[in-house]
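# Breakdown of the fold
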Amino acid sequence: MELNVSPDLEAYYCYAIVMLVGALVAAGQIRQRIGELPGIWLIGRTWWLFALYVAIPFALFWLLDRTGAVSDTSFFAAVLVGFGYERIITGGSQPGGATLQAPTGMSQFWTPFTAYADRIAAVVRNQAARKRSRLAEQVISFVAADTARVALLEGLAKRFASNVQSLEDRLRAIDGTSETRGATAAAEARTRELYNRMLALPDAHLLMKDEGVITGMFYWRYVKGLNAIAKIAIVVLVIGVAALQAFLPSEQRVRESLADYYVWRISKTNSTSTDQFRARQELYALMHPKSDASAQTARAGSSSPQEVAAAATKSPPGITDYTTEKLVMLLRQPGLPMERVDLVLQILLENRDTVVGNPRMPQRLAEALRSINVDARTRVHESLKFLVEYCKDAPDPGLMAWPSAKGDATADLERKIRAWRDYWAKPCEARS
Amino acid sequence: MAPNPAPQLDELEKKVLAAVLERSLIGGAELTHRVDLDDPNQLIAVVRKLQAQDLIEVSGDVLNETRFPYAMIGIRPSAKEYLYSILKQQV
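The model shown is predicted, which means the values in this text are computed figures rather than measured ones.

Rules used throughout
- Residues numbered from 1 in each chain as written.
- Chains lettered and ligands numbered in written order.
- Predicted model: local features only at pLDDT ≥ 70, side-chain atom pairs only at ≥ 80, totals over all residues.
- Heavy atoms only, no water.
- Helix = DSSP H or I, 4+ residues; strand = E, 2+ residues; numbered from the N terminus.
- Buried < 20%, exposed > 50% of the residue type's maximum accessible area, 1.4 Å probe, protein only.
- Contact = heavy atoms within 4.5 Å.
- Areas by Shrake-Rupley, 256 points an atom, 1.4 Å probe, with all protein chains shown as cover.
- Lys, Arg positive; Asp, Glu negative; His and termini not counted.
- Charge placed at Lys NZ, Arg CZ, Asp CG, Glu CD.
- Phe/Tyr/Trp six-rings, centres within 6.5 Å; stacked < 30°, edge-to-face > 60°.
- Polar contact = N/O pair within 3.5 Å; in protein donor to acceptor, adjacent residues only side chain to side chain.

To continue, consider the overall build of chain A. Across its full length, chain A holds 21 helices and zero strands. Going through the 432 residues of chain A one by one, you find that 42% of them count as buried. Residue pairs in contact within chain A that sit at least 24 positions apart in sequence constitute 70% of those at least 6 positions apart. Of the roughly 22200 Å² that chain A leaves accessible, carbon and sulfur atoms contribute 58%.

Okay, structure coming up:
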């Protein structure tokens, strides 16, 4: 599979694909390790092992992206990692003939992990044995309490016995002990013998239900584990409702999360050009929300710049401000490549229509002059000078001429930042 | 260090091991049925021998004949290929 020709999707879709495919593979791993006994999925440790198996491809996909081996927006890479993570980690051949290699040292993690998975499988096996033993005791005491049920069980066991004579001999031997062990204990031993014979048959409990040995209620509650399922469902429901109540995100929070996400995509040094373009478009859309108070006022057209400025100042910080702040913070990030600095400035300047009457963007942009990178500072300064072209009043000529050359004293830099902020604190009247 | 020689298994032991390998995890009652035995006593001895040789793992009571049907017999998943190779060698 050639990864370069892969469709480029949003990273969160790719991670979702990895999780989905990883979950399918994890279910297969669980079946392989623990088997397909009914009730296995009612044991908590089974789910823990399942979660570990799902987490591994997820973490590997993240790690491969971090190391530049794949892009986290590659659909093919997501599918490949989801299905073939074990081979990628252990260095075996991979589906489709692709050659992906996990970072050095990752394969050493696999052996202890499989040993741990073995231990979990052993715990699940122990719990399954305990549950089975408990169920057997419940069935035996339920059946032994009623002679009619014992008779039905005996008829059923004889019907399916491969050697009826041997069964009858065993039952006679048990009956012979009733004087020494007591009638009740002998009846229970007889029921156990019959039940143990039945248990070897596939769907033994279903047969017992159909023949009236156990009731439908007993079958669903104890054999099928409806009791346990109901308990788990109630706990999940209560936790789910509480979590929703506590963390249900508001529309504003969702937008902020999207802004965080797309700013991260812009800052990601190994993102594809398609991904950068998509992030730029999405950020533009976020910075022009229909419900943004200042944008609405600005669009109204009839308002004066002063009114627009007043509306913008009074309105709570909207998603435009939030996104602007995040982008400006990104400009200050140490080590940000110059092409990304340019990209961030392009996004900010693309939104220059928010400048007139709304000085928040250039005010914040002035903060980016604190970047430790002199090239970034120069670019930010040039952008501020460009934004001035939209306003009637020019700033101090000294500020416009100021070169943010290497060696700026910190105090001098702070003075210039303050001067820019003071300039943008006044409403920007559009140049006629 | 020289590898341990493959254990020698008789027909019933091979049948038991193959049944456990096929299902990964199997109950004592089902295992008795799958190897066509009526008397769990015969199976208990075999299961204990295979367990002692570290070929299978057992949870539950394998000493008590009446409780053996509720025991769970499985394999260590990472030993699956090794166990298949043992069966293959002895065909």
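Moving on from the coordinates now.
What follows concerns the overall build of chain B. Each helix and strand counted, chain B has four helices and three strands in total. When the elements of chain B are put in sequence order from the N terminus, they spell out α-β-α-α-β-β-α. By its C-alpha atoms, chain B is 40 × 25 × 20 Å across when sized along the principal axes. Burial status across chain B gives 52% buried among its 91 residues. Pairs at least 24 residues apart make up 56% of the contacts formed inside chain B by residues separated by at least 6 positions. In the form shown here, chain B has an accessible surface area of approximately 4600 Å², with 50% of it arising from carbon and sulfur atoms. Counting 10 positive and 13 negative side-chain charges, chain B places the averaged centre of each group 5 Å from the other.

Given two aromatic rings, one states the distance between the centres and the angle between the planes to describe the pair. Residues and elements named next belong to chain A. The tally for this structure, following the rule as stated, stands at 21 aromatic pairs over all chains. Taking 5.0 Å as the distance between ring centres and 75° as the angle between the ring planes, the aromatic pair formed by Tyr15 and Phe61 counts as edge-to-face. Residue Tyr15 is located in helix H1 (residues 11-34), and its partner Phe61 is located in helix H2 (residues 44-66); the two are separated by 46 residues in the primary sequence. The burial state of Tyr15 is the same as that of Phe61; both residues are buried. Between Phe75 and Phe76, the aromatic rings sit 5.9 Å apart at their centres with planes inclined by 50°, giving tilted as the arrangement. For Phe75, a relative accessible area of 29% corresponds to the partly exposed category. Judged by its relative accessible area of 23%, Phe76 is partly exposed.

Residue and element names in this part refer to chain A. In this fold, Glu367 is placed in helix H18 (residues 360-367). Once the C-alpha coordinates of Glu367 and Val380 are considered, the two residues, 13 residues apart in sequence, prove to be 9.4 Å apart. Leaving out residues up to four positions away in the same chain, Glu367 has contacts with Val328, Arg332 and Arg421. A distance of 2.4 Å separates polar atoms of two side chains, one belonging to Glu367 and the other to Arg370.

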